[in-house]
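Per-entry structural report
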Amino acid sequence: MTDRPILMFDSGIGGLTVLREARVLMPDRRFVYVADDAAFPYGAWEEPALSARILGLFGGLLERFDPEISVIPCNTASTLVIDALRQAFPGHPFVGTVPAIKPAAERTRSGLVSVLATPGTVKRQYTRDLITQWATKCHVRLVGSDRLAQMAETYMRDGFVDEQAVKAEIAPCFIERDGRRTDIVVLACTHYPFLANRMRKTAPWPVDWIDPAEAIARRALSLLKSDGQERRSNTPAFGHDLAIFTSGKPHFATARLMQGFGLSLA
Ligand code: DGL
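Owing to the predicted nature of the structure, the values given are computational and were not obtained by experimental measurement.

1. What to know about the sheet that holds strand β5 (residues 112-117)
- Pairing in this open sheet of four strands is parallel, and the strands run β6-β5-β9-β10 from one edge to the other. Of all strands in the sheet, those bounded by a partner on one side alone are β6 (139-144) and β10 (208-210). Sheet twist, expressed as the average angle between the axes of neighbouring strands with direction ignored, equals 20 degrees.
- By the bridge criterion, four bridges tie β5 to strand β9 (residues 184-187) in an arrangement that is parallel. Counterpart to L116 in the pairing with β9 is L187.

Written as structure tokens, this is what we have:
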């Protein structure tokens, strides 16, 4: 039996979309949710500086929380540093995230797929390699959004979102070519599922929106040494989960949101 937590790391509140799936699959586990809000948004960072920052943070986080595994649901971080993290901390299991290009390529009927992500994720070699590896038979459009992650933060914090702005940000995902239309949009940023209903509402035609949250949570579950069965009767983990903000001072509404997700601020 282990009491070591599962650590989840994101640039902001986006990873909560994965935490809620992870909770369903691993109700007996303890979670430590880390938001690097002092550096948010990651999307615009230069790669070497962001990489050094995340590697530096992890040294301290692993020492402080001694997690059994670490999950990096943040696409912008994972596509940049997952290999470096594994090298820097050998023996510690990391679950990364990559844009769901492979499942999209397998599922598309029209052959037109779009990947909606931060500008950072869109320009990563990692993302380009996924297309070459898995999606040569279809047309993949990479759409980098400067604003959606921040809009999702504001929406979750203040309950407000400008629908016309959502519409404008997702518009480049929709292509018509030779009588065919985009039929899948990959949500390759943890923040975006929070805006999924607004995206559906403002999309020019219906598409399949791929949210990898459940798949990431399942991968994390598969890496755990014990499945929590033995804890089930007497140790409910809920209520002991922590949220860490690297700024040390999250907005009041963000703190409330963490409470809503069952996380106490550390
Ligand atoms: N949540 C992040 C992702 O999944 C990015 C948001 C940002 O910091 O720009 O890519």
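Once the structure has been displayed, the description carries forward.
2. What about the sheet that holds strand β3 (residues 69-71)?
- Read from one edge of the open sheet, six strands run β4-β3-β1-β2-β11-β12, paired in parallel fashion. One side of each edge strand has no neighbouring strand; the edge strands of this open sheet are β4 (94-95) and β12 (263-265).
- Alignment of strand β1 (residues 6-10) against strand β2 (residues 31-35), held across five bridges, turns out to be parallel. Paired with D10 across the strands is A35, a residue of β2.
- With respect to the sheet, helix α1 (residues 16-25) is in contact with β1, β2, β11 (241-245) and β12, its orientation differing from that of β2 by roughly 175 degrees.

3. Some details on the site of the ligand
- Residues in close proximity to the ligand total 14 residues, the closest being S11, Y42, T76, T190 and H191.
- The backbone of Y42 places a nitrogen or oxygen atom 2.6 Å from an oxygen atom of the ligand.
- The separation between an oxygen atom of the ligand and a polar main-chain atom of N75 is 2.9 Å.
- Against a free-state accessible area of 300 Å², the protein chains account for coverage of 99% of the ligand.
- Split by residue class, the shell around the ligand holds six nonpolar, seven polar and one charged.

4. Topic: the layout of surface pockets
- By volume, the largest pocket amounts to about 460 Å³.
- In this structure, the largest pocket is lined by 24 residues; those nearest its centre are G96, T97, V98, A215 and I216.
- Among the elements of the structure, α3 (75-88), β4, α4 (101-107), α6 (125-134) and α10 (213-223) are those that each provide at least two residues to the lining of the largest pocket.

5. Let's talk about the pairing of β11
- Within β11, four of the five residues are buried, which leaves the element mostly enclosed by the surrounding structure.
- Two elements, β2 and β11, share four bridges in a ladder whose sense is parallel. Directly across from Y33, in β11, lies its bridge partner A243.
- For β11 and β12, the ladder comprises three bridges, and the chain directions are parallel. Across the sheet, D241 pairs through a bridge with L263, a residue of β12.
- What joins β11 to β12 is helix α11 (residues 252-260), and the crossover it makes is right-handed.

Each value, and the rule that gives it
Residues numbered from 1 in each chain as written. Predicted model: local features only at pLDDT ≥ 70, side-chain atom pairs only at ≥ 80, totals over all residues. Heavy atoms only, no water. Pairing = 2+ DSSP bridges. Helix = DSSP H or I, 4+ residues; strand = E, 2+ residues; numbered from the N terminus. Axes fitted to C-alpha atoms, helices over the stretch in contact; angles between N-to-C directions. Contact = heavy atoms within 4.5 Å. Near = heavy atom within 4 Å. Polar contact = N/O pair within 3.5 Å; in protein donor to acceptor, adjacent residues only side chain to side chain. Areas by Shrake-Rupley, 256 points an atom, 1.4 Å probe, with all protein chains shown as cover. Nonpolar A, V, L, I, M, F, W, Y, C, P; charged D, E, K, R; others polar. 1 Å grid on protein atoms, 1.4 Å probe; cavity = no way out; pocket = protein on both sides within 12 Å on 5 of 7 lines; lining within 4 Å. Points joined across faces, edges and corners; volume = space filled by probe spheres on them. Buried < 20%, exposed > 50% of the residue type's maximum accessible area, 1.4 Å probe, protein only. Right-handed = clockwise from strand over helix to strand, strands pointing away.

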